[in-house]
Amino acid sequence: MRITFQQYATSALLSLTLLFPAIVSAQDPIRILPAGQLPGDARLAPLKDLNGYFPFSPPESEELWKPRAEAVRTQMKVALGLWPMPPKSALNLKKVSHLKFEDYQVTGVRFESMPGFYVTGSLFEPVGKERAVPGVLCPHGHWPNGRFYEASDSDIKKNLGTGAESNPEAAKNPMQARCVQLARMGCVVLQIDMLGYADSQQLSFDLVHRFGKQRPDMNTNERWGFFSPQAESHLQSVMGLQIWNCIRSLDLLESLENVDKSRLAVTGASGGATQTMIVGAIDPRVAAIFPAVMVSTAMQGGCTCENCTLLRVGTGNVEFAALFAPKPQGLTAADDWTVEFETKGYPDLKKLYALLGAEDQVHLTARTEFGHNYNAVSRKAMYELFNREFGLNASVEERPYQRLTEKELTVWNDQNRPQYTVEYERDLLAEWTKVTNEEIEPLLMGDQAEFDEFRGLVMPALDVIVGAESPAMDDLEFDVKVKEQRGNYLLIGGLLHNDKNGSQLPALFLYPNENWGGHTVLWLSEEGKDGLFAENGRLKAEVAKLVSAGVSVAGIDLIYQGEFLAGKDQLAETPTVANPREAAAYTWGYNRAIAAERINDILTMATFMRHHERAPKSVGLVALDPSMAAISSVALAKETTLFDFAALKTAGFRFAEVDSIRSANLLPGGARYGDVPAFLALAAPAVMRIDGEDADEMTAVVKAYQRVDKKDRLSLGEEVDVTSVDWLLNGLNRFP
């Protein structure tokens, strides 16, 4: 049943006597639910992890697909730290070796994806081709030693015996065989090393692919490392760096005179297929892709290099592959996590292609008699796709070739080979942060046009970080559980249901008996709704002052506060998935972070307060705990029309300084776009009081108000003699 404040106030004392004989004592904590009972909140269900079920539901029309596809692409870019795309520095290509054969040649190459960071690999080119030819990028998966891979004699014998491979040299190194065959067909092929493999040792294999334990010495506010809370706040991940390497590899292919820029393709298997589908989804230059043995509704990628926070919240690999539609795409399935793809996932992918008029542009080679592979059978399907789509008119049958060894393929020597150090890791992330800030700060601090550009950049990012849609009033219902007359106010408690996200929030309203002036305030505290009360069970002095002045005050248990804690005082550590590896992406790559959910809870409560039938003159927000003030700054930025005024004590809190991946205050992306000051700037010109910050720290906020000639609406605590509550009461005349 929907309840209005007018209905609450009607015959309150009579209803209390008749309906609620067991009145809660003024000295006891106010509970909405019986002791020990948790809210029926859908978000308390077990967290999703990479081994969950990730179906793809194609839309009913192309018109519905376009905005969804754009939203998922944006989500991918934000999660990878590529929104906006970093500036592209000089590649500084170095060719360090050259071997020529009858119909192809191989050159060892290294180039810089960002200053001082090298992508290493081999360039395979056809011999005797006068016209520009297709360019193919070949990232690899988790095969031992990557580009230098050599299968064991027993594996070679097995694969030749089963028909998985057709000749011994291809069986010895299937990745090299793929590149040779594509070059023979008339393609320029760039095979690159994954981070930590072969010649790419500036970041170690153990760091990139085997990270397991948090490193306290790398979780620092000044010079942090990967997988730290600081890196997560800045959206810096090894996955993002690896995808950036792929994008820069396409830049290199484009720069070659013998490559046709309109015919670029990407293919890889397993972890290489993860790179293939991701870069295919976000880089429009790619004309065809072939991700092998990866895309499925099951396991989404087990390595730390295949996961980053925010990436698969509400989506998954089949939808990532769908983003390439209607362009040509081939996929494979094997006796691994893709074994059911032919019946689960692929029919939906094909349905989307059909919806876009391109049903014949997607193909699956399901050879589930083979284990996890990119064998000759699968490679032939890829050759056939590229042969057809790029008009190569070449043979797709592999022939024997001269396999090159590590000594022949390496792009370094013992004198110049870079090696991993923790200091280099710190330097790399420091440079990444510097480059990001150099993109963001001129927009944040610029003129109105530049600030509008900043807003246009950050708002889609906030849709990813927090969630795209706030609830409408029709999504909400308030179920009254408690009514109690207390001196000069009526206390009303209940559960606020949000059908959009399945949340159920314990909430209190303190309603002045006779002098409500039409103003209402949401009071946020680390203690949840209990933060309205002092230890003796009576209202805190500041809250009592508001109520006595005729202001209605609301309190709420955000998720994992108050009644969400089953009697515990506070949330010691956030929930996590069962994965033993201490990388935040395994949890927050598939589920929204607690801080993000709390921001949604604030917006849910504000929507209810703003739009209930007895419309208030104003809705305000008070958060005097720095962590609550910080998430409030995000809520204010995200939905600027829900609150008219706010009093926040941020006291120097920054998401960039959260020191644990298990902290409830961790907000992936929270520092990427300017942190708390930037969110407060985006909230302008709401009437605002900010405490615990000086003018220098709030320069971006001051400038935001100055741009719109509303500096009088901003008060910094150091400039004001009265308390936050007195400031608030003195300013209510702004809202007659």
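Model, not experiment: these values are computed from the prediction.

**Some thoughts on the overall build of the chain**
And step 1. Counting secondary structure elements, the chain contains 23 helices and 18 strands.
And step 2. For the chain, the C-alpha radius of gyration of 29 Å lies close to 27 Å, the compact-globule estimate for 736 residues.
And step 3. With the C-alpha coordinates aligned to their principal axes, the bounding extent of the chain is approximately 95 × 50 × 45 Å.
And step 4. Within the chain, the fraction of its 736 residues that count as buried is 60%.
And step 5. Sequence-distant contacts, at least 24 apart, represent 75% of the contacts inside the chain between residues at least 6 apart.
And step 6. Accessible surface, the chain as shown: approximately 27800 Å² in total, 49% of it carbon and sulfur.
And step 7. Positive and negative side-chain charges in the chain, numbering 72 and 95 respectively, have mean positions lying 3 Å apart.

**Overview of the pattern of salt bridges**
And step 1. Summed over the entire model, instances satisfying the criterion amount to 45 salt bridges.
And step 2. A salt bridge links arginine 426 to glutamate 423, with the shortest nitrogen-to-oxygen separation between them at 3.3 Å. One end of the pair, arginine 426, and the other, glutamate 423, are both in helix H15 (residues 422-444), three residues apart, so they sit about a helical turn from each other.
And step 3. Note on glutamate 423: relative accessible area 41%, which makes it partly exposed.
And step 4. Shared partners join several salt bridges into a network, and the residues in it are Lys88, Arg248, Asp251, Glu254, Asp283 and Arg285.

**Structural notes on helix H17 (residues 541-548)**
And step 1. The complete set of buried residues in H17 reads Val543, Leu546 and Val547. Take H17 and look down its axis: the buried residues cluster within an arc of 95°, on one side only.
And step 2. Tucked inside the fold, the buried residues of H17 contact strand S11 (489-498), strand S12 (503-512), strand S13 (519-524), strand S14 (552-556) and helix H23 (724-731).

**Section: the environment of leucine 404**
And step 1. Secondary-structure assignment places leucine 404 in the loop between helix H13 (376-389) and helix H14 (406-409).
And step 2. Residue leucine 404 is classed as buried on the basis of its relative accessible area of 3%.
And step 3. In the structure, leucine 404 is positioned 256 residues away from phenylalanine 148 in sequence and 8.6 Å away in space, judged by C-alpha atoms.
And step 4. Sequence-distant contacts of leucine 404, that is, excluding residues within four places in its chain, are made with Leu99, Phe101, Val106, Gln176 and Leu409.

**Quick word on the environment of lysine 407**
And step 1. Mapped onto the elements of the fold, lysine 407 is located in helix H14.
And step 2. Lysine 407 sits 206 residues away from glutamate 613 along the chain, and the two C-alpha atoms are 77 Å apart.

**Remarks on the side chain of glutamate 232**
And step 1. Locating glutamate 232 in the fold gives a position in helix H8 (residues 229-233).
And step 2. Contact partners of glutamate 232, with chain neighbours within four places excluded, come to Phe227, Thr309, Ala584, Leu666, Pro668 and Gly669.

**Observations regarding the packing of helix H16 (residues 448-465) against helix H21 (residues 675-683)**
And step 1. Where H16 contacts H21, the two axes come as close as 11 Å, and the packing angle between them is 110°. Classified by the angle between their axes, H16 and H21 sit roughly perpendicular to one another. Along the contact surface, H16 presents Phe451, Phe454, Arg455, Val458 and Leu462, while H21 presents Ala678, Phe679, Ala681 and Leu682.
And step 2. Here the contact of H16 with H21 is composed, by residue class, of eight nonpolar, no polar and one charged.

**Observations regarding the sheet that holds S14**
And step 1. One open sheet holds the nine strands; their spatial order is S10-S11-S12-S14-S13-S15-S16-S17-S18, and the pairing between them is mixed. The outermost strands of the open sheet, each flanked by one partner alone, are strand S10 (476-486) and strand S18 (714-716). Here the strands of the sheet are splayed against their neighbours by 15° on average, with no regard to which way each runs.
And step 2. Pairing of S13 with S14 involves three bridges; the strand directions are parallel. When the bridges of S14 are listed, threonine 520 appears paired with serine 552.
And step 3. Relative to strand S17 (residues 687-691), H23 is tilted by about 170°, and along the sheet it contacts S13, strand S15 (618-623), strand S16 (645-649), S17 and S18.

**Remarks on the pairing of strand S9 (residues 362-366)**
And step 1. Pairing geometry for strand S8 (residues 329-333) and S9, over five bridges, is parallel. Residue glutamine 329 lies in a different strand from S9, and its bridge partner there is valine 362.
And step 2. Traced from S8 through helix H12 (residues 346-355) to S9, the parallel crossover comes out right-handed.

**Focus: the confidence of the model for the chain**
And step 1. Across the chain, pLDDT averages 94, with 96% of residues at or above 70.
And step 2. Predicted confidence is poor over residues 1-26, with pLDDT under 50, and the contacts of this stretch with residues over four places away or in other chains come to 51 contacts.

**Details of the packing of aromatic side chains**
And step 1. Counted according to the given criterion, the structure contains 18 aromatic pairs.
And step 2. Relative to tyrosine 374, the ring of phenylalanine 290 lies with its centre 6.2 Å away and its plane at 0°, an arrangement referred to as stacked. Residue phenylalanine 290 is located in strand S7 (residues 286-292), and its partner tyrosine 374 is located in the loop between S9 and H13; the two are separated by 84 residues in the primary sequence.
And step 3. According to the relative accessible area criterion, phenylalanine 290 is buried, its value standing at 2%.
And step 4. Relative to phenylalanine 608, the ring of phenylalanine 478 has its centre 5.6 Å away and its plane inclined at 35°; by these criteria the two rings are tilted. Within this pair, whereas phenylalanine 478 is found in strand S10, its partner phenylalanine 608 is found in helix H19 (residues 594-611), the two being separated by 130 residues in sequence. For the residue pair phenylalanine 478 and phenylalanine 608, the accessibility class agrees, reading buried in each case.
And step 5. Stacked on the ring of phenylalanine 54, the Lys or Arg lysine 48 has its end atom at 4.2 Å from the ring centre.

**With respect to the nonpolar core**
And step 1. By size, the foremost hydrophobic cluster in this structure holds 178 residues, and its most contacted members are Phe226, Leu253, Leu349, Leu522 and Met688.
And step 2. Residues in contact with leucine 253, not counting those within four places in the same chain, are Leu123, Gly135, Val136, Leu137, Val188, Leu190, Val259 and Leu264.
And step 3. Phe101, Cys138, Phe148 and Val180 belong to the second largest nonpolar core, which has 43 residues in total.

**What to know about helix H9 (residues 238-255)**
And step 1. Under the 1.5 Å per step criterion, the end-to-end length of H9 is 26 Å for 18 residues, consistent within 8% with the ideal 26 Å.
And step 2. In terms of burial, H9 is largely enclosed, as 16 of its 18 residues are buried.

**So, the pairing of S13**
Each regular strand shows side chains that alternate between the opposite faces of the sheet.
And step 1. Where burial is concerned, most of S13 is hidden: six out of the six residues are buried.
And step 2. Burial of the side chains of S13 extends over both faces: His519, Val521 and Trp523 are buried on one face and Thr520, Leu522 and Leu524 on the other.
And step 3. Across six bridges, the pairing between S13 and S15 is parallel. For histidine 519, the partnering residue across the bridge sits in S15 and is serine 618.
And step 4. Tracing the backbone out of S13, into H17 and back to the parallel element S14 gives a crossover that is right-handed.

**Overview of the packing of H21 against helix H22 (residues 699-707)**
What describes two packed helices is the angle between their axes and the distance between those same axes.
And step 1. At a minimum axis separation of 8 Å, H21 and H22 run at an interaxial angle of 15°. Between H21 and H22, the angle falls in the class roughly parallel. Crossing angle aside, the handedness with which H21 passes H22 is right-handed. The segment H21 lies against H22, with Pro677, Leu680, Ala681 and Ala683 engaging Ala700, Val701, Ala704 and Tyr705.
And step 2. Looking at side-chain class alone, the contact of H21 with H22 contains eight nonpolar, no polar and no charged residues.

Quick notes on the rules
Per chain, the residues get numbers from 1 upward, laid out in the order the sequence is written. Under the rules for a predicted model, residues below a pLDDT of 70 receive no local features and side-chain atom pairs below 80 are neither given nor counted, while totals for whole chains, interfaces and linings still include all residues. For side-chain calculations, the full set of non-hydrogen atoms in the structure is used, while hydrogens and water are omitted. Strands here are runs of E lasting at least two residues and helices are runs of H or I lasting at least four, both read from the DSSP assignment and numbered beginning at the N terminus. Each radius of gyration reported is based on C-alpha atoms, and the globular scaling rule is 2.2 Å times the count of residues to the power 0.38. Only protein chains enter the area calculation, which uses a 1.4 Å probe; residues under 20% of their type maximum are buried, those over 50% are exposed, and those in between are partly exposed. Only heavy atoms matter for contacts: two residues are in contact if any of them lie within 4.5 Å across the pair. With residues, only the protein chains shown are counted as cover, and all accessible areas are computed by Shrake-Rupley using a 1.4 Å probe. We count Lys and Arg on the positive side and Asp and Glu on the negative side, and we leave His and both chain ends out. To locate a charge, the coordinates of NZ of Lys, CZ of Arg, CG of Asp or CD of Glu are taken. Just to be clear on terms, a salt bridge is a Lys or Arg side-chain nitrogen sitting within 4 Å of an Asp or Glu carboxyl oxygen. For this quantity, the arc is that covered by the directions from the helix axis to the C-beta atoms. Angular values range over 0 to 180 degrees, each being the angle between N-to-C directions of two axes fitted as lines to C-alpha atoms, with helices fitted over their stretch in contact. Angles below 35 degrees are treated as roughly parallel, those above 145 as roughly antiparallel, those between 65 and 115 as roughly perpendicular, and all remaining angles as oblique. Under the scheme applied here, ten amino acids are nonpolar (Ala, Val, Leu, Ile, Met, Phe, Trp, Tyr, Cys and Pro), four are charged (Asp, Glu, Lys and Arg), and all others, including Gly, are polar. Whether two strands pair comes down to DSSP finding at least two bridges between them. Handedness of a crossover is defined as follows: orient the strands so they point away from the viewer, and if the path from the first strand over the helix to the second runs clockwise, the crossover is right-handed. Each residue carries a pLDDT score, the predictor's own confidence in it, on a scale running from 0 to 100. Two rings from Phe, Tyr or Trp (for Trp, the six-membered ring) form a pair when their centres sit within 6.5 Å of each other. Planes less than 30 degrees apart are called stacked, planes more than 60 degrees apart edge-to-face, and all others tilted. A ring is scored as having a charge over it whenever the NZ atom of a lysine or the CZ atom of an arginine sits within 6 Å of its centre and within 35 degrees of its normal. In this description, a nonpolar core means a group of buried Ala, Val, Leu, Ile, Met, Phe, Trp, Tyr and Cys residues linked to one another through side-chain atoms lying within 4.5 Å. To estimate how far a helix should reach, multiply one less than its number of residues by 1.5 Å. Helix crossings get a hand from a simple test, with the near helix turned counterclockwise from the far one by less than a right angle marking a left-handed crossing and a clockwise turn marking a right-handed one.

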